[in-house]
Amino acid sequence: MDPVTQGALGAALPQSVAQRAKAPVALISGLLAGMAPDLDVLIRSSADPLLFLEYHRQFTHSLIFIPFGALFVATALWGLIGRRYGWAFKDVFVFCLLGYATHALLDACTTYGTQLLWPFSDRRIAWNNISIIDPLFTLPLLCGVVLARVKRSPWPVRLALSWCLFYLFLGVIAKEVAEAEGWRQAEARGHKPLLLEAKPSIGNLLLWKVVYRIGDDYHVDAVRLGLSTRFYAGERVAALDRERDLPWLQEGSQQALDLERFRWFSAGFLALDPTNPLRVIDLRYSLLPNEVSALWGIEFDPSKPEQHVRYTVSRNPSERDRVRLFAMLRGLPID
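Per chain, residue numbering runs from 1 following the sequence as it is written. In keeping with the predicted nature of the model, local features appear solely for residues at pLDDT of at least 70, side-chain atom pairs appear and are counted solely at 80 or more, and the whole-chain, interface and lining totals rest on all residues. Side-chain numbers come from the whole structure's heavy atoms, not from hydrogens or water.

A.B. asks: Could you give me a rundown of the sheet that holds strand E4 (residues 230-238), with the residues and numbers involved?
C.D. replies: Between any two strands, at least two bridges found by DSSP are needed for them to pair. Helix and strand labels come from DSSP, where a helix needs a run of H or I of at least four residues and a strand needs a run of E of at least two; each type is numbered from the N terminus. Within the open sheet, the four strands sit side by side as E1-E2-E3-E4. Their pairing is antiparallel. Sheet topology places strand E1 (195-200) and E4 at the edges, where each strand pairs with a single neighbour. Across this sheet, the average inter-strand angle for adjacent strands is 20 degrees, counted without regard to direction. Both strand E2 (residues 207-214) and strand E3 (residues 217-224) contribute to a ladder of eight bridges, which runs antiparallel. Paired with Val210 across the strands is Asp221, a residue of E3. Note on geometry: axes are C-alpha line fits, over the in-contact stretch for helices, and angles between N-to-C directions span 0 to 180 degrees.

A.B. asks: Got a sec to walk through the layout of surface pockets? Specific residues and values, please.
C.D. replies: The method works on a 1 Å grid over the protein atoms by themselves. A cavity is a set of points holding a 1.4 Å probe that cannot get out, a pocket is an open set with protein on both sides within 12 Å along at least five of seven lines, and residues with an atom within 4 Å of a point line them. Grid points are joined across faces, edges and corners, and a volume is the space filled by probe spheres set on the points. Taken as a whole, the largest pocket encloses approximately 1,000 Å³ of empty space. Along its surface, the largest pocket is lined by 41 residues, and Ile132, Tyr285, Leu295, Trp296 and Arg315 are the ones closest to its centre. Counting only elements with at least two residues in the lining of the largest pocket, the list comes to E1 and strand E8 (310-313). Considering only residue class, the lining of the largest pocket consists of 20 nonpolar, ten polar and eleven charged. Each residue is assigned to one of three groups, with Ala, Val, Leu, Ile, Met, Phe, Trp, Tyr, Cys and Pro labelled nonpolar, Asp, Glu, Lys and Arg labelled charged, and all others, Gly among them, labelled polar.

A.B. asks: Describe the environment of Thr114, with residues and values.
C.D. replies: Along the chain, Thr114 turns up in the loop between helix H5 (89-108) and helix H6 (135-151). Buried residues are those whose accessible area, probed at 1.4 Å on protein chains only, stays under 20% of the maximum for their type, while exposed residues exceed 50% and partly exposed ones sit between those limits. The class of Thr114 is buried, set by a relative accessible area of 0%. Here the alpha-carbon distance between Thr114 and Gln58, two residues 56 residues apart in the chain, equals 6.7 Å. By the convention used here, residues are in contact when the closest approach between their heavy atoms is within 4.5 Å. Leaving out residues up to four positions away in the same chain, Thr114 has contacts with Arg57, His61, Ala104, Asp107, Ala108, Arg123, Arg124 and Ile125. Counted as a polar contact is a pair of N or O atoms within 3.5 Å, where, for protein atoms, one must be capable of donating a hydrogen and the other of accepting one, and residues adjacent in sequence contribute only when both atoms are in side chains. Separated by 3.5 Å, the side chain of Thr114 and the backbone nitrogen of Ala108 make a polar contact.

A.B. asks: For the packing of aromatic side chains, give the residues involved together with the corresponding values.
C.D. replies: Classification of ring pairs uses Phe, Tyr and Trp, with its six-membered ring standing for Trp, and accepts pairs whose centres are within 6.5 Å; under 30 degrees between planes counts as stacked, over 60 as edge-to-face, and the remaining range as tilted. Overall, the coordinates contain 15 aromatic pairs when judged by the stated rule. With a centroid separation of 5.9 Å and an interplanar angle of 50 degrees, the aromatic rings of Phe59 and Trp118 are classed as tilted. Taken together, the positions of Phe59 in the loop between helix H3 (51-55) and helix H4 (66-82) and Trp118 in the loop between H5 and H6 put the pair 59 residues apart, joining distant regions of the chain. When the ring of Tyr218 is compared with that of Phe269, the centres are 5.6 Å apart and the planes differ by 35 degrees; the resulting orientation is tilted. Placement of the pair is Tyr218 in strand E3 and Phe269 in the loop between helix H9 (254-265) and strand E5 (270-272), with a sequence separation of 51 residues. Residue classification places Tyr218 among the buried residues on the basis of a relative accessible area of 2%. Residue Phe269 is classed as buried on the basis of its relative accessible area of 4%. By way of ring pairs, the aromatic residues Phe59, Phe65, Phe68, Tyr100 and Trp118 are connected into one cluster.

A.B. asks: Residue-level account of a nonpolar patch on the surface, with values.
C.D. replies: Within this analysis, patches are made of residues with over 30% relative accessible area and no salt bridge. Like charges are joined at 9 Å or less; nonpolar side chains (Val, Leu, Ile, Met, Phe, Trp, Tyr) at 5 Å or less. Here the Shrake-Rupley method, with its probe set to 1.4 Å, supplies the accessible areas, and only the displayed protein chains count as covering residues. Within this document, salt bridges are pairs made up of a side-chain nitrogen of Lys or Arg and a carboxyl oxygen of Asp or Glu, the two lying within 4 Å of each other. Together, Ile28, Leu31, Leu32 and Met35 make up a nonpolar patch on the protein surface, roughly 270 Å² of accessible area in all. As for its placement among the helices and strands, Met35 is situated in helix H2 (residues 23-35).

A.B. asks: Can you tell me about unusual backbone geometry, naming the residues and giving the values?
C.D. replies: With omega at 5 degrees, the peptide bond leading from Trp118 into Pro119 counts as cis. Inspection of the secondary structure assignment puts Pro119 in the loop between H5 and H6. The phi dihedral of Arg152 is positive, around 55 degrees, even though this residue is not glycine. Checked against the element boundaries, Arg152 lands in the loop between H6 and helix H7 (155-188).

A.B. asks: Explain the pattern of salt bridges to me, and be specific about the residues and the numbers.
C.D. replies: Oppositely charged side chains may form a pair once their charged atoms are brought near each other. Overall, the coordinates contain 19 salt bridges when judged by the stated rule. Salt-bridge contacts for Arg184 lead to Glu181; the nearest nitrogen and oxygen are separated by 2.9 Å. In this pair, Arg184 and Glu181 both sit in helix H7, three residues apart, roughly one turn of the helix. For Arg184, a relative accessible area of 48% translates into the label partly exposed. Notably, a salt bridge pairs Asp258 with Arg261, separated by 2.7 Å at the nearest N-O pair. Linking Asp258 with Arg261, this pair stays in helix H9, spanning three residues, or about one helical turn. Note on accessibility: Asp258 and Arg261 belong to one class, buried. Connected through shared salt-bridge partners, Asp48, Glu54, Asp258 and Arg261 make up one network.

What follows is the structure in structure tokens.
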């Protein structure tokens, strides 16, 4: 999730168990350790645009790396300020350990995917029960962290953590309901999907993107949950077929290797961009949950097979997109 949420959750857990005298140490240690795993975003290359996709949420987010990451943060923190203020290194390390441990588990709740089992497996685990940004999760957590410090009591942050657990559990239930509605709508179309997944749209647990595969095609729809469920029929797109869609792509070329790297990253949810025959997109993410238009993809240059693909991002919503998104969030019909 976003750095603010990760830092707040990292600070909250050690705050909830720290003795009153050690609460400031717990706050600072947990805050920094909670954000530290995302330092892996610095692993990137201008020559290889996909390098950061391989290493973000990889070894720094692995369960087995937690004590080593915590030790790194604790050593740096204690050396820079802890020793000067008389903090015990043991306390700093324990608080960093608690803060660091929250990061990868929270990331695994999103749809992006986290390599929790690295180096034993490169599987990207994604439980899909919360968006990568969700104010209803983050704001109560921030309030709990701040109030715990102001009131010098662990109870505000304990209540905030209880809310966070409840909200994540609510996301699990919402995901199940959204997927059930997706299956129901697929069956109404006479379809028997090979797979179906529901993912929360940005910033909420009400509006869900449902993607399922039938034969060689993907269907992308949206479900708005609430007192009454509204289904937004979406678009259909052919699943990527390398021989059909990219017949010029040379086996063993750098661009062919990059395609497989992107396939791994996107869990196989690939299609050719309907507006650009040289761009392959990740169907899991789009601004409007019932549309194919993807937030990111890779673009090929057939004339340069040994050159890396270009990673492209589309994050400029039109006024039409914003209007339709807010209408869907409110459960209103759209054109």
